[in-house]
Amino acid sequence: MSVLTLSKNEVSGEYPVIDGIRCDSAEHFNFHYHAHLDIFIKGSSYLVPGGIGIKPPDCIYWLHTHDSSGIIHIESPENNTFKLGQFFDIWGQKFNNTQIFDFKVDNSTDRTLTVYLNGTAVNQTSYRDIPIVNHEDIVIAYGAPPEITPYEFLY
């Protein structure tokens, strides 16, 4: 008979491991950095909500948001490369090269999907595989691209 033992930081039960990322009982500061995410749907800003990846009072995923500023907090016990698709999976939202939320890409100009990193459009890659890098400014635009204003990190 095997016995499952959890460290004091691990939580089992209703919060599954998502894409290799656990929901632990405390935040980790071994590898701690931030990126910024803006989402635009047909020219309008879409609020990235606070509390993504936080399951009070039980646990917190290594990728999460504390508030609606668009800051993604990466607080991991391991030095891994985390990807944009992992964040959307923790959020429980659809995201790939042909869809964000329930908005699907087609050949019309108002139904395109583009990801910008620090103001530059990303081409020839899977959007889900884009690494989340410290102080990266990520903009996802469905429809006509917005005017992109660089995000200034205060920390």
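Check the entry above for the structure.
Residues numbered from 1 in each chain as written. Predicted model: local features only at pLDDT ≥ 70, side-chain atom pairs only at ≥ 80, totals over all residues. Heavy atoms only, no water.

### Regarding the overall build of the protein chain
Within the protein chain, the secondary structure is distributed over one helix and 13 strands. Moving toward the C terminus, one meets the helices and strands of the protein chain in the order β-β-β-β-β-β-β-α-β-β-β-β-β-β. For 155 residues, the compact-globule formula gives about 15 Å, and the C-alpha radius of gyration of the protein chain, at 17 Å, lands near that figure. Reported as C-alpha extents along the three principal axes, the dimensions of the protein chain are approximately 60 × 35 × 25 Å. Across the 155 residues of the protein chain, 39% fall into the buried class. Contacts in the protein chain between residues at least 24 apart in sequence constitute 61% of all its contacts with a sequence separation of at least 6. Carbon together with sulfur atoms contributes 49% to the accessible area of the protein chain, which is approximately 8500 Å² in total. In the protein chain, which carries 9 positive and 19 negative side-chain charges, the distance between the mean positions of the two groups comes to 8 Å. (Helix = DSSP H or I, 4+ residues; strand = E, 2+ residues; numbered from the N terminus. Rg over C-alpha atoms; globule rule 2.2 N^0.38 Å. Buried < 20%, exposed > 50% of the residue type's maximum accessible area, 1.4 Å probe, protein only. Contact = heavy atoms within 4.5 Å. Areas by Shrake-Rupley, 256 points an atom, 1.4 Å probe, with all protein chains shown as cover. Lys, Arg positive; Asp, Glu negative; His and termini not counted. Charge placed at Lys NZ, Arg CZ, Asp CG, Glu CD.)

### Here we look at the nonpolar core
With 35 residues, the main nonpolar core has Leu37, Ile39, Phe87, Phe88, Phe95, Ile100 and Ile140 as its most contacted residues. Sorting the residues of this core by element identifies strand E2 (31-41), strand E5 (59-61), strand E7 (71-76), helix H1 (84-91), strand E11 (113-117) and strand E13 (137-142) as the ones contributing at least two each. (Core = buried A, V, L, I, M, F, W, Y, C linked by side-chain atoms within 4.5 Å.)

### Quick notes on unusual backbone geometry
A cis amide bond links Pro56 to the next residue, Pro57, at an omega of -5°. Mapped onto the fold, Pro57 is located in the loop between strand E4 (54-55) and E5. In this model, Asp19 sits at a positive phi of 50°, which is unusual for a non-glycine residue. Structurally, the position occupied by Asp19 is in the segment before strand E1 (23-24). Judged by its relative accessible area of 39%, Asp19 falls in the partly exposed class. The backbone of Gln124 shows a phi angle near 55°, a positive value even though the residue is not glycine.

### Overview of the sheet that holds E4
Here three strands make up an open sheet; going across it, the order is E1-E5-E4 and the pairing antiparallel. Both edges of this open sheet fall to E1 and E4, since each of them pairs with a single strand only. Bridge count for E1 against E5 is two bridges, and the pairing is antiparallel. Following the sheet pairing, Asp24 is matched in E5 by Ile60. (Pairing = 2+ DSSP bridges.)

### Looking at the environment of Gly53
Within the element layout of this structure, Gly53 appears in the loop between strand E3 (44-46) and E4. Given a relative accessible area of 2%, Gly53 falls into the buried group. On a C-alpha basis, the gap between Gly53 and Leu63 in space is 6.4 Å, while along the polypeptide they are ten residues apart. Not counting residues within four places of it along the chain, the set of residues in contact with Gly53 comprises Cys59, Ile60, Tyr61, Leu63, His64 and Ile90.

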